[in-house]
Amino acid sequence: MISPTIPDSQLGRNDYPIPTTMKAWVLGNPEELTLVEKPVPQPGPAEVLVRVDAIAVCATDIEIIRHGLPAMVDGGLPFNRGFTPGHEYMGTVVRLGASVDEFEIGDRIAVEVHAGCGRCQRCREGMYTACLNYGYPKKGHRANGFSTDGGFAEYAVNSVNTMVHVPDDMTDEEATLIVTAGTAMYGLDVMAGIIAGEGVVVIGPGPIGLMGVGVAKALGAQPLILTGTRERRLEIGRRLGADAIVNVTKEEPVAAVRRVTRCKGVQYFPADPVPVDLAYLVRNNIYVFGIRGEGKSATHRAAALMAQKRFDAKLIHTHTFPLTEVPTAIRYARERIEDAIKVVVKVGEN
């Protein structure tokens, strides 16, 4: 069935026919996704309507669908609220809200998740990914796929502050990885950035870890060491720029780092949560950082590196599915079927 379209006369200049309804996946009970027809959302001031062209599955999407958190809708869990998850998407601008002149209809864009409320202390300090009004759209907070509808749908509304232009020679699939690269960039950014020639260890060749390798290499890290357990993923890390890879099932990682660096060690060594000896941190002037999402416009900086082809993000894209097969795409990502790394949904394909 073809949905009726809104007349161009109601939309102003518009090169794309926009239906009144769209296909979208909504979250019912935990792990219950249903494909439904929803009204196409309308952009407000400083917002645009995006035709979603592709979206990648993130591990956080899987957590949201299973547990609810970290998604919050009006202060509560997102179950049975007609909520559409998904946040790592790209698409085409098809309608402009009032006062928008930063983008034009037809622009290809990728999005970051968080807009923040713009009024709390965290947002005013630039930490909008940890907005104090998180989960309360009425206070201005927006985090698509977390507190407001996301991208497992044909259309989504985004603030102009959450979008970055995608160059013509970048594929839709690669553009969905800009958010992942942005998260890696933010992590490196809060550590005061990487100074060319300083050593970095990235632990774990998951999507963010692999993008961390690409971004750190583009910023001049030397040596850049990737540790993990999966040989195929470690090899992808090498192709993304790792100077050395360490399979921790075959070699103790700290000893390996000392070997690679000739006992000097590295300046930056992210790790999983462990008990911390605070006195040791103080004695050695060691800093511990934590980040959420892709704050301080890190997505824009990561997108610039990708546009300059400083690293090949496409290496981590392994599988593609159409919008009708979102549950299958999520299962591939969750269960790592066929060693899936980044699974992408092409929204316009059936």
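Structure's up top.
Rules and cut-offs
- Residues numbered from 1 in each chain as written.
- Predicted model: local features only at pLDDT ≥ 70, side-chain atom pairs only at ≥ 80, totals over all residues.
- Heavy atoms only, no water.
- Buried < 20%, exposed > 50% of the residue type's maximum accessible area, 1.4 Å probe, protein only.
- Helix = DSSP H or I, 4+ residues; strand = E, 2+ residues; numbered from the N terminus.
- Arc of directions from axis to C-beta.
- Contact = heavy atoms within 4.5 Å.
- Pairing = 2+ DSSP bridges.
- Right-handed = clockwise from strand over helix to strand, strands pointing away.
- Axes fitted to C-alpha atoms, helices over the stretch in contact; angles between N-to-C directions.

**Things to note about helix α9 (residues 298–307)**
Part 1: Of the residues making up α9, those classed as buried are Ala-298, Thr-299, Ala-302, Ala-303, Leu-305 and Met-306. For α9, the angular spread of the buried residues around the axis is 160°, confining them to a single face.
Part 2: Turning to α9, the residues buried within the fold contact β5 (108–111), β7 (163–165), α3 (172–175), α4 (178–190) and α5 (207–218).
Part 3: Two residues or fewer after α9 comes Lys-309, characterised by a positive phi angle close to 60°.

**Comments concerning the pairing of strand β12 (residues 342–346)**
Consecutive side chains of a regular strand alternate in pointing toward one face of the sheet and then the other.
Part 1: Most of β12 is tucked away: 5 of the 5 residues are buried.
Part 2: By the alternation rule, side chains of β12 split into Lys-342, Val-344 and Lys-346 and Val-343 and Val-345, which are all buried.
Part 3: Pairing analysis gives 3 bridges linking strand β3 (residues 47–56) to β12, with the strands arranged antiparallel. Bridging across to β12, Ala-56 finds its partner in Val-344.
Part 4: Across 5 bridges, strand β11 (residues 317–322) lies against β12 in parallel orientation. Bridge pairing in β12 links Thr-320 to Val-344.
Part 5: Viewed along the sheet, the connection from β11 through helix α10 (residues 326–335) into β12 turns out right-handed.

**As for the sheet that holds strand β9 (residues 224–228)**
Part 1: Pairing is parallel across the open sheet formed by 3 strands, whose spatial order is β8-β9-β10. The open sheet has two free edges, formed respectively by β8 (200–203) and β10 (244–247), since each of these has just one partner strand. Within this sheet the neighbouring strands show an average axis-to-axis angle of 20°, counted without direction.
Part 2: Sheet topology places β8 next to β9; 4 bridges connect them, and they run parallel. Residue pairing across strands places Val-200 opposite Leu-224, the latter belonging to β9.
Part 3: Along the sheet, α5 contacts β8 and β9; its crossing angle with β9, the most-contacted strand, is approximately 175°.

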